[in-house]
Structures are given as C-alpha cells and as structure tokens.
Amino acid sequence: MAHRDPPGIIAPHIPADAYLRAEATGQPVVIVVHTADQHGRPLHHYLFPVVIAGAGVVGVFGLVAAFLALLDFAAHTAAAVGGAAGTLGIGGITLRLTRPKD
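Residues numbered from 1 in each chain as written. Predicted model: local features only at pLDDT ≥ 70, side-chain atom pairs only at ≥ 80, totals over all residues. Heavy atoms only, no water.

A tally of helices and strands in the chain yields two helices and two strands. For the chain, the succession of helices and strands along the chain, N to C, is α-α-β-β. Put simply, the chain has 102 residues, and 2% of those count as buried. Of the roughly 9500 Å² that the chain leaves accessible, carbon and sulfur atoms contribute 67%. (Helix = DSSP H or I, 4+ residues; strand = E, 2+ residues; numbered from the N terminus. Buried < 20%, exposed > 50% of the residue type's maximum accessible area, 1.4 Å probe, protein only. Areas by Shrake-Rupley, 256 points an atom, 1.4 Å probe, with all protein chains shown as cover.)

Rendered as structure tokens:
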C-alpha cells in the first residue's frame, strides 16, 4: 500500500536510523518530494456540471414522453367512448360524438 501524507505536511517522515546516521557523520539529510504541476483544472471540475445537465435533459425527455403517452391514451379512450356511445344526451342537449356510418 502506498503511503499518503495528509495535506499540509511539508516533508515526509525521516526514519530514525537515517537521522541518527546523518547526525553522527555530519552529512545532510536530503529529502526529495516528487510533485507534478497541474496546468489547468482537473477533469472532475468539468465532469460534475455535465453529469447534472445530462440528468436534467434525460428527466425532461422522460417528462415529455410521459405527457405524450398520456395524450395518446386520452385520444384512444375518447375515440373508444365515442364509437361505443354514439350520441350523448345530458339535460336536453344531445352531442353526436362520431359521424354516422352511412
């Protein structure tokens, strides 16, 4: 497992034997820290808004599809009721829902 230091630590831990050997001989302890300079923003800064926008678009497409399916169902229901009922009379007003089959 790779050792990871928490952010804010300037140098990694120096082993005790290396420190004691450097102190006894007077040699300096050289610590090399490998870092990579980032040029620009990381990918996740751009990926999160794109994922949120994509989820919104998929949700709107689903809403439109559900609305169109509901309209289609309502149109088929109205056609079936109109074909079966013929004329509807309510309170002296008669409505003819379909044309006669002449």
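From this point, things continue past the structure.
This brings us to the confidence of the model for the chain. Per-residue confidence for the chain gives a mean pLDDT of 79, with 69% of residues at or over 70. The element-level mean pLDDT for the chain is lowest in strand β1 (residues 87-90), coming to 65, with helix α2 (residues 43-85) highest at 90. (pLDDT = per-residue confidence, 0-100.)

On the surface, Val60, Val64, Phe67, Leu68 and Leu71 cluster together into a nonpolar patch covering about 460 Å² of accessible area. With respect to the helices and strands, Val60 occurs in helix α2. (Patch = residues over 30% accessible without salt bridge, like charges linked within 9 Å, V, L, I, M, F, W, Y side chains within 5 Å. Salt bridge = Lys/Arg side-chain N within 4 Å of Asp/Glu carboxyl O.)

In this section: helix α1 (residues 16-25). The element α1 is barely covered by neighbouring structure, given that only one of its ten residues are classed as buried. Immediately beyond the C-terminal end of α1, within one or two residues, lies Gly26, with a positive phi of roughly 85°.

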